[in-house]
Amino acid sequence: MSAAAPHHVVIVGAGFGGLAVCHGLAGAASRPGLRITVVDQRNHHLFQPLLYQVGTAVLATSEIAWPIRHLLRRRKEVTTLLGVVGGIDVDGRHVLLEDGAALHFDSLVLATGARHAYFGHDEWEPYAPGLKTLEDATSIRRRILLSLERAERESDPERRAALLTFVIVGGGPTGVELAGAIAELTHQNLREDFRLIDTRKARVLLIEAGPRILSSFTPDLSDYAQRALQRLGVEIQLGSAVTDCNDHAVTYGGQVVAADVILWAAGVRASPAAAWLGMPADNAGRMKVEPDLTIPGHPEIFVIGDTATINAWHGNPVPGIAPAAKQMGLHVAQTIKRRLQGDMRARPFRYRNSGNLATIGKRSAVIDFGWIKIRGWLAWWIWGLAHIYFLIGLRNRLAVALSWLWIYLTGNRSACLITQVDHRPKSR
Ligand SMILES: Cc1cc2nc3c(=O)[nH]c(=O)nc-3n(C[C@H](O)[C@H](O)[C@H](O)COP(=O)(O)OP(=O)(O)OC[C@H]3O[C@@H](n4cnc5c(N)ncnc54)[C@H](O)[C@@H]3O)c2cc1C
């Protein structure tokens, strides 16, 4: 590394992993010289764990997202750029943006995350949207609220039943959280708002292809979550894979269920970082990285977070969750700092388990810390406090805590807003 010109670190993606690299490099700029460029296709950092609450009208968008430029405003060595990366010139050391620009790097960190996957059925996406961005969340909110509005004006009982049927595909944490929140919204929070329909009769159906929901948790916590969801009025269908989705129905296990709102929470696919680098990826598109999170043959390129796969959790794969992305980001920052001081030794990344959490409605949750398992209201409080703690800024912490307290006490969800138009195409 040259001591003359500042070492240029380019970080692609200002999600949990990318921001952790940036934070980990704080204070390293003066000696022997460092400059950082953060590139993201969006102008905001998003707290994805609470996205389902925007989708179900609990929180407003601005409570879970912050402009990246503002977050990094005090870091004079950091430049923030809005741009979509479309490739990497590995040998020439350039990040290639889709608008034709190129950024030279000395060290590169790819932290571009993942999106939902439809297992080869991308044609289902317009009918069964997933939840990954703020736009996804507001579009899901719009679909849920529009369906209720249309049901209020529908005189045909069969159509009305379809408009009051909400299907969630995938029984992982996101599917469980969405199902619980939609059941509470329809069965409890909105029951006084409509005159011609009884929202308590809304059908919330959670479809899971595997034998149990929350398969990454222990079976007793899965059982508990299943019972807690059923108490909220969620119907759970296990062991049935979805075989078709369109604008008016979902098909699974040979059954066709008429539904206007179908939400997808069944799978993820990593960003195409492996393809940009010309490296092999696993079935979910994640790049297999070296023990120190670099790519084979290129110690100056790191891949972290949801877009990487590594067996660094006592020999098991590191889970695709926010704490893992943050830990990887901090490890990369340490590596770059050591290299700037002349220490070029590669140190393996090791994941420290920080627990597996999922919430079921506004009164119950399950937590698996490995050494202890907690469920019920105590787990919900731990979940709530942890999420408030990890939000950025005092204002957001207070705003979210107040929104939750308000809904807890009054049942009023203030974010029941239908915004933008419904672009869903008609199917056959
Ligand atoms: C709905 C939902 C709920 C979740 N709940 C939890 C939870 O409760 N607890 C938990 O620990 N984890 C949860 N996760 C997972 C967690 O959010 C991810 O593991 C984490 O965000 C991964 O961090 P990352 O830095 O790899 O990617 P991300 O945080 O996704 O960041 C990727 C960034 O890269 C940018 N980007 C992508 N492609 C490009 C490109 N071509 N050019 C420029 N920029 C690009 C994106 O805009 C984004 O800002 C949840 C995820 C979702 C979707």
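In case you missed it, the structure is sitting above this.
As the structure is a computational prediction, the values presented were derived from the model and not from experiment.

## Overview of the sheet that holds strand β11 (residues 165-169)
And then number 1: The 4 strands are arranged β13-β12-β11-β17 in an open sheet whose pairing can be described as parallel. This sheet does not close on itself; its edge strands, each paired only once, are β13 (234-238) and β17 (261-264). With strand direction ignored, the average angle separating the axes of adjacent strands in the sheet is 20°.
And then number 2: Two elements, β11 and β17, share 4 bridges in a ladder whose sense is parallel. Bridge pairing links Val-167 to Ile-262 in β17.
And then number 3: On top of the sheet, helix α6 (residues 173-189) reaches β11, β12 (203-208), β13 and β17; it is set at about 170° to β12, its chief contact.

## Some remarks on the packing of helix α10 (residues 377-390) against helix α11 (residues 394-410)
Two packed helices can be described by the angle between their axes and the distance between those axes.
And then number 1: α11 packs onto α10 with a crossing angle of 150° between their chain directions and a minimal axis gap of 8 Å. In terms of axis orientation, α10 runs roughly antiparallel to α11. Regarding α10 and α11, the two cross each other, and that crossing is right-handed. The residues of α11 that touch α10, namely those facing Trp-383, Gly-384, His-387, Ile-388 and Tyr-389, are Arg-397, Val-400, Ala-401 and Trp-404.
And then number 2: Looking at the contact of α10 with α11, its residues break down into 6 nonpolar, 2 polar and 1 charged.

## A word on the environment of Val-78
And then number 1: Its location among the elements puts Val-78 in strand β5 (residues 78-82).
And then number 2: Sequence separation between Val-78 and Val-10 is 68 residues, and the spatial gap between their C-alpha atoms is 9.7 Å.
And then number 3: Residues within four places of Val-78 in sequence aside, it is in contact with Cys-22, Ile-36, Val-38 and Leu-72.

## Some words on the nonpolar core
And then number 1: Of all hydrophobic cores here, the largest spans 66 residues; its most connected members are Ile-64, Leu-206 and Leu-229.
And then number 2: Membership of the second largest hydrophobic core comes to 52 residues, among which are Val-12, Ile-36, Phe-105 and Phe-349.

## Here's the deal with the pattern of salt bridges
And then number 1: Across all of its chains, the model carries 14 salt bridges by this definition.
And then number 2: Residue Glu-184 is joined to Arg-413 by a salt bridge in which the shortest nitrogen-to-oxygen separation is 4.0 Å. Of this pair, Glu-184 sits in helix α6 while Arg-413 is found in the segment after α11, placing the two residues 229 residues apart along the sequence. The exposure classification of Glu-184 matches that of Arg-413, with both residues buried.
And then number 3: One network of salt bridges, in which partners are shared, links Arg-115, Glu-125 and Asp-136.

## Observations regarding the sheet that holds strand β25 (residues 373-376)
And then number 1: With antiparallel pairing, the 3 strands of this open sheet are ordered in space as β23-β24-β25. With partners counted over all chains shown, the strands left at the sheet margins are β23 (356-360) and β25, one partner each. Neighbour to neighbour, the strand axes of the sheet diverge by 10° on average, direction disregarded.
And then number 2: Sheet topology places strand β24 (residues 364-368) next to β25; 4 bridges connect them, and they run antiparallel. Its bridge partner being in β25, Ile-367 is matched across the sheet by Ile-374.
And then number 3: Relative to the sheet, α10 contacts β23, β24 and β25, its axis offset from that of β25 by approximately 105°.

About the criteria used
- Residues numbered from 1 in each chain as written.
- Predicted model: local features only at pLDDT ≥ 70, side-chain atom pairs only at ≥ 80, totals over all residues.
- Heavy atoms only, no water.
- Pairing = 2+ DSSP bridges.
- Helix = DSSP H or I, 4+ residues; strand = E, 2+ residues; numbered from the N terminus.
- Axes fitted to C-alpha atoms, helices over the stretch in contact; angles between N-to-C directions.
- Contact = heavy atoms within 4.5 Å.
- Parallel < 35°, antiparallel > 145°, perpendicular 65-115°, else oblique.
- Left-handed = near helix turned anticlockwise from the far one by under 90°.
- Nonpolar A, V, L, I, M, F, W, Y, C, P; charged D, E, K, R; others polar.
- Core = buried A, V, L, I, M, F, W, Y, C linked by side-chain atoms within 4.5 Å.
- Buried < 20%, exposed > 50% of the residue type's maximum accessible area, 1.4 Å probe, protein only.
- Salt bridge = Lys/Arg side-chain N within 4 Å of Asp/Glu carboxyl O.

Scope: geometric values only; no functional claims are made or implied.
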